Amino acid sequence: MEKNKEDLGIKLGSDEMVYWKNLIEAKKMDVKMTEENLKFYKFIVKYAEQEYQKAEKEFNKK
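In this report, we go over the structure that sits alongside the text. (Residues numbered from 1 in each chain as written. Predicted model: local features only at pLDDT ≥ 70, side-chain atom pairs only at ≥ 80, totals over all residues. Heavy atoms only, no water.)

1. Details of the overall build of the chain
Here's step 1: A count of helices and strands for the chain gives 1 helix and 0 strands.
Here's step 2: Every one of the 62 residues in the chain was classed for burial, and the buried ones make up 0%.
Here's step 3: Split by element, the accessible area of the chain, about 7,000 Å² in all, is 59% carbon and sulfur. (Helix = DSSP H or I, 4+ residues; strand = E, 2+ residues; numbered from the N terminus. Buried < 20%, exposed > 50% of the residue type's maximum accessible area, 1.4 Å probe, protein only. Areas by Shrake-Rupley, 256 points an atom, 1.4 Å probe, with all protein chains shown as cover.)

2. With respect to the packing of aromatic side chains
Here's step 1: One pass over the structure, following the stated rule, counts 3 aromatic pairs.
Here's step 2: Here the aromatic rings of tyrosine 19 and tryptophan 20 are separated by 5.0 Å at their centres, their planes lie at 80°, and the arrangement is edge-to-face.
Here's step 3: Using a relative accessible area of 47% as the deciding quantity, one classes tyrosine 19 as partly exposed.
Here's step 4: Considering the side-chain rings of phenylalanine 43 and tyrosine 47, the 6.3 Å spacing of their centres and the 20° angle between planes classify their relative orientation as stacked. (Phe/Tyr/Trp six-rings, centres within 6.5 Å; stacked < 30°, edge-to-face > 60°.)

3. Quick look at the pattern of salt bridges
Here's step 1: Across all of its chains, the model carries 5 salt bridges by this definition.
Here's step 2: The salt bridge involving lysine 28 is made with glutamate 25; its shortest N-O contact spans 3.8 Å. You can see lysine 28 and its partner glutamate 25 sitting in helix H1 (residues 15–61), 3 residues apart, about one turn around the helix.
Here's step 3: On the basis of relative accessible area, lysine 28 is assigned to the exposed category, the value being 51%.
Here's step 4: For glutamate 25, a relative accessible area of 33% puts it in the partly exposed group.
Here's step 5: Two residues, glutamate 36 and lysine 39, come together in a salt bridge whose shortest N-O distance is 3.4 Å. In this pair, glutamate 36 and lysine 39 both sit in helix H1, 3 residues apart, roughly one turn of the helix.
Here's step 6: In this structure glutamate 36 comes out as partly exposed when scored by relative accessible area, which is 44%. (Salt bridge = Lys/Arg side-chain N within 4 Å of Asp/Glu carboxyl O.)

Laid out in structure tokens, this is it:
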């Protein structure tokens, strides 16, 4: 039986390489989600500050 030795362009790494590559990809996703969450929280703070200023103006009118 003859083995096919055609290079398919697929290179397998060591278990350690696979571990670190998976960790890197997972942390990239974590960073992206954290950045999106930060935008959301900044929006909440900005909105809350605007609402607080409105309430403060209304309170000071009395």
